[in-house]
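Chain by chain, the residues:
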Amino acid sequence: MQIETPQIVDYTALATKIKEWGRELGFQAVGIADINLHDAEERLLDWLARDFHGEMDYMAKHGVKRSRPAELIPGTLRVISVRMDYYPPTVKDGWKVIEDGSRAFISRYALGRDYHKVLRKRLEKLAQKIRIEVGGFSYRVFTDSAPVMEVELAYKARLGWRGKHTLLLSRDHGSWFFLGELYTDLPLPIDEPESEHCGTCMACIQVCPTQAIIAPYKLDARRCISI
Ligand code: B12
Ligand code: SF4
């Protein structure tokens, strides 16, 4: 009887390949994070206690599963985080439209195809490539569809730094991108977060029309018109 020897996986080489495959699939950046969100959990609970989520009941619904990936998907060890840019390069007259009271302005993030579908499909393709390479592994893909701390995980995976408006920012594309994740049980090497580059700038806080950013990194979503 022939006994199959378990495959030995070089996880460092695999992480490099995952990043290459991700870019081939159309993601602008791919990084890997561990699942320790302890500090973020405290801040999330504080945000909820202050009722900043307003009517978004789903933000409070899942207890600490949002900040504890392995409680949401048992066995999760790492999160592969991806970035997909949405600012359409062809749209150039945004400010003209905003200044013209007779025209409607559609948020740039709503101009493309449904990003939930696009991102999830690409993440599934990424999972298939990993499966071909390592055989069976456990995973789940997400984008804005489950109790997941997407910005915090992407920050940990070095996809950018946290802006004072709370979104993730990159040097080459600002915050004009969506995030998605692949939770996995593969013990991949993790990336180091990037340092922050906002400095003394407060532009987003000053320009917000409803003053929803009540302090750096603190958004009272009840004041947000995008709800
Ligand atoms: C709820 C939600 C909203 C709510 C509330 C926003 C919010 N900031 O919470 C509303 C409806 C207002 C909203 C609006 C938008 N959203 Co939204 N939203 C989400 C969602 C579902 C959860 C966000 C969350 O966890 N909030 C909880 C609070 C506690 O998080 P937080 O405000 O970020 O607070 C953290 C930090 O502030 C930090 N913090 C606190 N103090 C300090 C101090 C320091 C020094 C530091 C470093 C950090 C720090 O701690 C907290 C915990 O980590 C995510 C998807 C997901 N599942 O993650 C998308 C998501 C954040 N949204 C996204 C987008 C694109 C938008 C909009 C641009 C859409 C639009 N054009 O209208 C706006 C931007 C508004 C804004 N400035 O945030 C993207 C952001 C991508 C990116 N580049 O970061 C996400 C990730 C969806 C996705 N998959 O791409 N959103
Ligand atoms: S503080 Fe300045 S650089 Fe930082 S997110 Fe706000 S506008 Fe952007």
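Before any of the text, the structure's been laid out above.
Below is a summary of the structure that appears in this document. (Residues numbered from 1 in each chain as written. Chains lettered and ligands numbered in written order. Predicted model: local features only at pLDDT ≥ 70, side-chain atom pairs only at ≥ 80, totals over all residues.)

## Examining the sheet that holds strand S2 (residues 78-85)
Here is the rule: Any two strands are treated as partners once DSSP identifies two or more bridges connecting them. Helix and strand definitions here come from DSSP, where helices need a minimum of 4 consecutive H or I residues and strands a minimum of 2 consecutive E residues; each element is numbered from the N-terminal end. Axes here mean lines fitted to C-alpha atoms, for a helix over just the part in contact, with angles spanning 0 to 180 degrees between N-to-C directions. Two residues form a contact once the distance between their C-beta atoms, set from the backbone, is within 7 Å.
Across the sheet, four strands lie side by side as S1-S2-S6-S3; this open sheet has antiparallel pairing. In the strand order of this sheet, the two ends are held by strand S1 (29-33) and strand S3 (139-142), each with one partner. Here the average twist between neighbouring strands, direction ignored, is 20 degrees. Taken together, the five bridges between S1 and S2 define a ladder with antiparallel strand orientation. Bridge pairing in S2 places Ile32 opposite Ile80. The sheet strands contacting helix H1 (residues 11-24) are S1 and S2, and the helix crosses S1 at an angle near 145 degrees. Seen against the sheet, helix H5 (residues 115-134) touches S2, S3 and strand S6 (177-184) and runs at an angle of roughly 40 degrees to S6.

## Overview of the pairing of S2
For a regular strand, side-chain orientation follows a simple rule: the groups alternate between the two sheet faces. The test is simple: For the exposure call, what matters is how many other C-beta atoms sit within 10 Å of a residue's own: 20 or more marks it buried, 12 or fewer exposed, and in between partly exposed, using C-beta atoms placed from the backbone.
The element S2 is extensively covered by neighbouring structure, given that seven of its eight residues are classed as buried. Note that S2 and S6 share eight bridges and pair antiparallel. Counterpart to Val82 in the pairing with S6 is Gly180.

## Here we look at the site of ligand 2
To be explicit about the condition: By convention here, the C-beta atom is placed from the backbone, and a residue is near a molecule or strand when that atom is within 6 Å of it. When residues are grouped by polarity, Ala, Val, Leu, Ile, Met, Phe, Trp, Tyr, Cys and Pro land in nonpolar, Asp, Glu, Lys and Arg in charged, and all others, Gly among them, in polar.
Near ligand 2 the following residues occur: Gly163, Lys164, His165, Leu169, Cys198, Cys201, Met202, Ala203 and Cys204. Its residues assigned to classes, the shell around ligand 2 shows six nonpolar, two polar and one charged.

## What to know about the environment of Val141
Within the element layout of this structure, Val141 appears in strand S3. With 22 C-beta atoms packed within 10 Å, Val141 lands in the buried category. When the C-alpha atoms of Val141 and Pro216 are compared, they prove to be 30 Å apart, with 75 residues separating the residues in sequence. In this structure Val141 touches Arg120, Leu123, Glu124, Ala127, Gly180, Glu181 and Leu182, once residues within four positions along its chain are discounted.

## A short note on unusual backbone geometry
Even without being glycine, Asp144 reaches a positive phi, approximately 50 degrees. Residue Asp144 is classed as partly exposed on the basis of its 14 C-beta neighbours within 10 Å. Unlike most non-glycine residues, Gln211 shows phi in positive territory, near 55 degrees. Overall, Gln211 belongs to the exposed group, with 11 C-beta atoms counted inside 10 Å.

## Notes on the packing of H1 against H5
Applicable threshold: Less than a right angle of anticlockwise turn of the near helix away from the far helix marks a crossing as left-handed, whereas a clockwise turn marks it as right-handed.
Relative orientation of the contacting elements H1 and H5 amounts to 145 degrees, with a least axis distance of 10 Å. In this structure, the crossing between H1 and H5 has a hand that is right-handed. Between H1 and H5, the residues in contact are Leu14, Lys17, Ile18, Trp21 and Gly22 and Leu126, Lys129, Ile130, Glu133 and Val134, respectively. Broken down by class, the residue content of the contact of H1 with H5 amounts to six nonpolar, one polar and three charged.

## Quick look at the nonpolar core
In plain terms, the rule: By convention in this section, buried Ala, Val, Leu, Ile, Met, Phe, Trp, Tyr and Cys residues joined through C-beta atoms within 7 Å make up a nonpolar core.
Grouped together as the largest cluster of nonpolar side chains are 34 residues, with contacts concentrated most on Ile80, Ala154, Ala157 and Leu182. For this core, the secondary-structure elements that each account for two or more residues are H1, S1, S2, H5, S3, helix H6 (150-156), strand S5 (168-169) and S6. Excluding residues within four positions of it along the chain, Leu182 makes contact with Ile80, Leu123, Leu126, Ala127, Tyr139 and Val141.

## Concerning H1
Residues separated by three or four positions in an α-helix point in the same direction, a consequence of the helix having 3.6 residues per turn. Heads up, the rule is: What a helix should span is 1.5 Å times the count of its residues minus one. Directions drawn from the helix axis to the C-beta atoms are what define this arc.
Its 14 residues place the ends of H1 20 Å apart at the C-alpha level, agreeing with the 20 Å of an ideal helix rising 1.5 Å per residue. Those residues of H1 that fall on the buried side of the exposure criterion are Ala15, Ile18 and Gly22. Angularly, the buried residues of H1 cover 55 degrees about the axis, an arc narrow enough to put them on a single face. Set apart from the buried face of H1 by more than 90 degrees, the exposed residues are Ala13, Thr16, Glu20 and Glu24.

## Considerations on the environment of Arg222
The topology assignment puts Arg222 in the segment after strand S8 (218-219). Here Arg222 falls in the partly exposed class, since 15 other C-beta atoms lie within 10 Å of it. Here the alpha-carbon distance between Arg222 and Thr210, two residues twelve residues apart in the chain, equals 9.9 Å. When near neighbours in sequence (up to four residues on either side) are disregarded, Arg222 contacts Phe52 and Gly54.

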